[in-house]
Every structure is written in structure tokens, then in C-alpha cells.
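What follows is the residue order along each chain.
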Amino acid sequence: MKNEENVVLKPVKMTENSQLLKQMFLPDGGTYALGSSFAATSGSGKTTLLSHLIKESLKLDSFKEVRFVYVSIKLEHLFGDEVKPLSTLNETFKSMAKNNLTVFYPTDPTNYETDVDNLIEGVFNMANVNDNGQYVIIVDDCNILQGFDNRGNPSPSMKKAAIAGRSKGVRLITICHRIGNMPRLFNGNISGLVLMNVSKMDIEYAKKVFGLEVDMMESLIDELTDYKWAYIDMIRGGVMRFNPVPHSK
Ligand SMILES: Nc1ncnc2c1ncn2[C@@H]1O[C@H](COP(=O)(O)OP(=O)(O)OP(=O)(O)O)[C@@H](O)[C@H]1O
Ligand SMILES: [Mg+2]
């Protein structure tokens, strides 16, 4: 991977970055249509960043037909009061048929895994009957789910979403606290990695498991403070750094 030294943080104006938004989220079956993962320490601004990027994506013509479903285990979302969170899968699938953005709150902690698995299966069912369908499943705080650590074995549905999603028009976006929360299976099955504040331990892990370039990764530890973020292109290599997105509640 190429080391890009002295890159000045780019101001973030996402409509000018439609290419990047497509790389991150568009389920078009292309080279970049594997999953994307976000990793950063607790409170570093992941949910805020992700929500902003989704809202910006939805302004683009390319995303007109895309159905986003955002799963929040913490029962929170930043998409505005007009988006009413749903707590049953039935309502969630119905909403997805009509709306570009659906928020699903799994409310029973003993059933998180089952709920997320059933959501994934339901989305694949929709994709199977709609050849042109494009779906993005975002699981925030994914590290809470069983199997989300580097030696972990995620559920068969999660594996399916990670591995078989691209050809079906389904993309899985996972948001975790640490790079090391990602199951090893994700190595080779994500096209983009978004980092915010990261620890040295995480960087060591990324170097080892993802083969990311040492110098580039180490410089990120100091750079990604105060809600700054970076996109790592896992297909062609390279890193793009960005200033914080605007924060609005
Ligand atoms: N771009 C930003 N500019 C200013 N403040 C921000 C920004 N992003 C996040 N914050 C602040 O940081 C707090 C935490 O943000 P957020 O909930 O997005 O972090 P997180 O990484 O998702 O946290 P957690 O790991 O707990 O889920 C927010 O309440 C907000 O006050
Ligand atoms: Mg969060």
C-alpha cells in the first residue's frame, strides 16, 4: 500500500465526494461493492460521521433506489425526528419497501443476534425477488454481537452478508470500537475501512491482519483526533484524510 506522507486534511464537502460515498455505500455490484467497516474508540464520533455520510449519499441520484436499514443496538439515531425507529422486523421490511432509510431498534438484548440475522435473511429475500434491488445494512455497535472479535465466528447470516452480498446488491456496513473487533473473515471482504480515533494496539493489529502499511498507519494515531477521520481504500490501497463532519443534533 502506498504511503501518502504530508497529505493535508481535506475539508469535507460530501457532495463533492460523490465518488467516495459510492465506494463506501453503493451496492452496485462493482469493484468497491464489498462491505465497509468503521472502527474507532468509544465516543470518537462514529455514529455522527456515519449518519452524516448516509444523509449526504441520499442526496445523490445514484442512491435514489437504494434502501438503507440502520440497526442501532443502543436505540439511538441521528437521522432526525421524521425518521421513526421501528422495533419489529415486519414493520422494518414494510418500511424498506417504501422508504430509502429505515431505522430498526432491536429491543430485546437476549435476541440481538437473532434479530440481526433475521434482518439479513429478510433483506436477502427481498434481493432475491428484486434483481435490481440495492440494499445497505448498517449495524452500529456491532462489537456487542457474538462473534465480533478477531478470533470470533460470526453467525452464518453475517458471513453470508459479508461474502455473498456484493453479487446480490446487498452491502453490510459494520461499526465497531476496534479494528480488532472485526472477525478475520472480514479481511479480504471489505472494500473500505473508515478510521477515527484509534489506539496503538489497533494499529498493530491492522498492520498484521490487513497488511496495511506501517508508516501510514502509525501516522494516523496522532492525526485522527477530535473527530477527524480517514478512509482506507482496501481494494487499491491508499488513505484519504478528512476534517470532522459538521455536527448537528
Ligand atoms: N464531527 C463532530 N464535531 C463535533 N462534535 C462531535 C462530532 N462527532 C461527534 N461529536 C461529539 O461526540 C459525541 C459522541 O459522538 P458519537 O455518538 O457519534 O460517537 P460514537 O463513536 O458513535 O460513540 P459510541 O462509541 O459511544 O457509539 C457526540 O455526542 C458529539 O457531542
Ligand atoms: Mg455510536
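Structure's up top.
Residues numbered from 1 in each chain as written. Chains lettered and ligands numbered in written order. Predicted model: local features only at pLDDT ≥ 70, side-chain atom pairs only at ≥ 80, totals over all residues.

Visitor: Which residues make up the site of ligand 1, and what values go with them?
Guide: Every one of the 14 residues lining ligand 1 counts as a neighbour, but G45, K46, T47, T48 and H247 are closest to it. When grouped by side-chain class, the residues that make up the shell around ligand 1 number 4 nonpolar, 8 polar and 2 charged. (Near = placed C-beta within 6 Å. Nonpolar A, V, L, I, M, F, W, Y, C, P; charged D, E, K, R; others polar.)

Visitor: Would you mind going over the packing of helix α4 (residues 112-129) against helix α5 (residues 156-168) in detail, with residue names and values included?
Guide: Two measures define how a pair of helices packs: the angle their axes make with one another and the distance between the axes. Where α4 meets α5, the closest approach of the two axes is 10 Å, and the angle between their N-to-C directions is 20 degrees. Comparing the axis directions of α4 and α5 gives the class roughly parallel. The element α4 and its partner α5 pack so that their crossing is left-handed. For the pair formed by α4 and α5, the contact residues are D117, I120, E121, F124 and A127 on the first element and S157, M158, K160, A161 and K168 on the second. (Axes fitted to C-alpha atoms, helices over the stretch in contact; angles between N-to-C directions. Helix = DSSP H or I, 4+ residues; strand = E, 2+ residues; numbered from the N terminus. Parallel < 35°, antiparallel > 145°, perpendicular 65-115°, else oblique. Left-handed = near helix turned anticlockwise from the far one by under 90°. Contact = placed C-beta atoms within 7 Å.)

Visitor: Please provide a residue-by-residue account of the nonpolar core, values included.
Guide: Grouped together as the largest cluster of nonpolar side chains are 72 residues, with contacts concentrated most on V69, V71, I137, I138, L195 and A230. Look past the residues within four positions of A230 in its chain and what remains in contact with it is L195, L220, L224, V239, M240, R241 and F242. (Core = buried A, V, L, I, M, F, W, Y, C linked by C-beta atoms within 7 Å. Buried ≥ 20, exposed ≤ 12 C-beta atoms within 10 Å, placed from the backbone.)

Visitor: With reference to specific residues and values, describe unusual backbone geometry.
Guide: It is generally the case that most residues other than glycine have a negative phi and that most peptide bonds are trans. In this model, D141 sits at a positive phi of 55 degrees, which is unusual for a non-glycine residue. Overall, the presence of 21 C-beta atoms within 10 Å leaves D141 in the buried class. Even without glycine at this site, Y227 takes up a positive phi of about 70 degrees. Within the secondary structure layout, Y227 lies in the loop between α7 (214-223) and β7 (229-233).

Purely spatial values, then, with no claim about function.
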